[in-house]
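Okay, here's what each chain looks like letter by letter:
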Amino acid sequence: MANLKFKFLLNFFAATALIGIVPITNANADVKPKIAIVYDSGGKGDAGINDLTYIGLKRVMTKLQISAFDLKEQIFDPNTAGDRFTRVRFLAKNGYQLIICVGAGFAPAVNQIGMEFPKTQFAIIDSEQVPLANVTALSFARNEGVFVAGAALALASKSGKVGFFSESKNTFTKSDLALFTKGATYAKSNIQVVAKNSDDVKTAIGELLKSNVDQIFSTWDSDDQVVKVVQSFNDSLNSTATKVRVSGILPDQFFWNIAGSNQNSVRYLTIKKRTDIAVEEIITATYQDRSMKDVLPGSPGVYGRRYNLKNGGLQIEYVGAITNSARLSTITSAVRAGKINLQP
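Residues numbered from 1 in each chain as written. Predicted model: local features only at pLDDT ≥ 70, side-chain atom pairs only at ≥ 80, totals over all residues. Heavy atoms only, no water.

### Re the nonpolar core
Generally speaking, soluble globular proteins have nonpolar side chains that are buried together. One finds Ile-100, Phe-217, Ile-271 and Ile-283 to be the most contacted residues of the largest nonpolar core, which totals 56 residues. The dominant element in this core, judged by the number of residues it contributes, is helix H5 (residues 142-156), at ten residues. Counting residues in each nonpolar core, the second largest holds 20 residues, with Phe-106, Ile-113, Ile-124 and Val-135 among its members. (Core = buried A, V, L, I, M, F, W, Y, C linked by side-chain atoms within 4.5 Å. Buried < 20%, exposed > 50% of the residue type's maximum accessible area, 1.4 Å probe, protein only. Helix = DSSP H or I, 4+ residues; strand = E, 2+ residues; numbered from the N terminus.)

Okay, here's the thing in structure tokens:
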């Protein structure tokens, strides 16, 4: 009996000693973070920012084996007053650890609710307007894209005149025009930039065409009126005349993605903001328990990730042959490397 007691005590002390070196399994280690995403008006199927973001969402769900039950999707209803605030606050109250809001229109809601729920993490796509520590801004270097677009259109122009068109409500008009002009004159010093800012598309584009521009950069994103006016104009020209080309921004201008519209016949380039990459990276970071909090120059107190030509989150897509491709490649590389001052 004494021997049995002695063996029991030896085993007990040995097991006790092992506790200090055997890793203790966390019962919650396999619990996935609660993530929600709120799409902007139109939701999936809009051919624009929501669809492109959803492509990235599907990709990361497959990569990380996230089921549809592990991620909540909601759609903003523009017909319901305060719907952005209601939806984002509901998700925060219900313990979602990361709430992703698609589009700059969510900035006021994220700013207010982010202050109400400081322990909740928020991410807002395509905005640098919320200076809170618990908000990740996933934005895009629009200035790089517009500068390169100006250079590309100037190099492609045969008439020596390029057009710029924006609608009156567009808050980027002043900086866009300055950067477009800067890029155009950087590439070709004697280029002429003719600009129109109006909500009357037919009249404004008609005036640009009469001024003999053969390349137009347009930020109009309400519909495809600009494209249709230019298509109609090109159809009226004889077969040997130079056709006018139009360039713009994706996914803002959803109509470029609508199949069967024959819009590629007039498109020269589009600046593409890869919101799919943004949503994929923020969800991956959350699952890996790390943050995306780069300092964003020019936006005090705002942290996140600014996607640009260098990191691949901003791209320039061309349709057909690129005019003066060697010169344009040199300019694009200089912008990518930060060697050109892009202040408006």
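From this point, things continue past the structure.
### A short note on the sheet that holds strand S3 (residues 98-102)
Taken together, seven strands build an open sheet; the order of strands is S2-S1-S3-S4-S5-S12-S11 and the sheet is mixed. Strand pairing shows two members of the sheet lacking a second neighbour, strand S2 (71-75) and strand S11 (294-295), which therefore form its edges. Judged from the five bridges that link them, strand S1 (residues 35-39) and S2 form a sheet pairing that is parallel. Paired with Val-38 across the two strands is Gln-74, which belongs to S2. Sitting on the sheet, helix H3 (residues 83-93) touches S1, S2, S3 and strand S4 (121-125), and the angle it makes with S2 is about 165°. (Pairing = 2+ DSSP bridges. Contact = heavy atoms within 4.5 Å. Axes fitted to C-alpha atoms, helices over the stretch in contact; angles between N-to-C directions.)

### Digging into the pattern of salt bridges
This structure, assessed with the given rule, holds 18 salt bridges. Note that Arg-59 and Asp-276 form a salt bridge whose closest N and O atoms lie 3.0 Å from each other. Taken together, the residues Arg-59 in helix H2 (residues 49-64) and Asp-276 in helix H9 (residues 275-287) connect sequence positions 217 residues apart. The exposure class of Arg-59 is partly exposed, given its relative accessible area of 31%. The partner of Glu-281 in a salt bridge is Arg-305, with the nearest N and O atoms 3.4 Å apart. Linking Glu-281 in helix H9 with Arg-305 in strand S12 (residues 303-307), this pair joins segments that are 24 residues apart in sequence. One salt-bridge network, held together by shared partners, links Arg-59, Lys-63, Arg-274, Asp-276 and Glu-280. (Salt bridge = Lys/Arg side-chain N within 4 Å of Asp/Glu carboxyl O.)

Without other data, these values stay purely geometric and don't point to any function.
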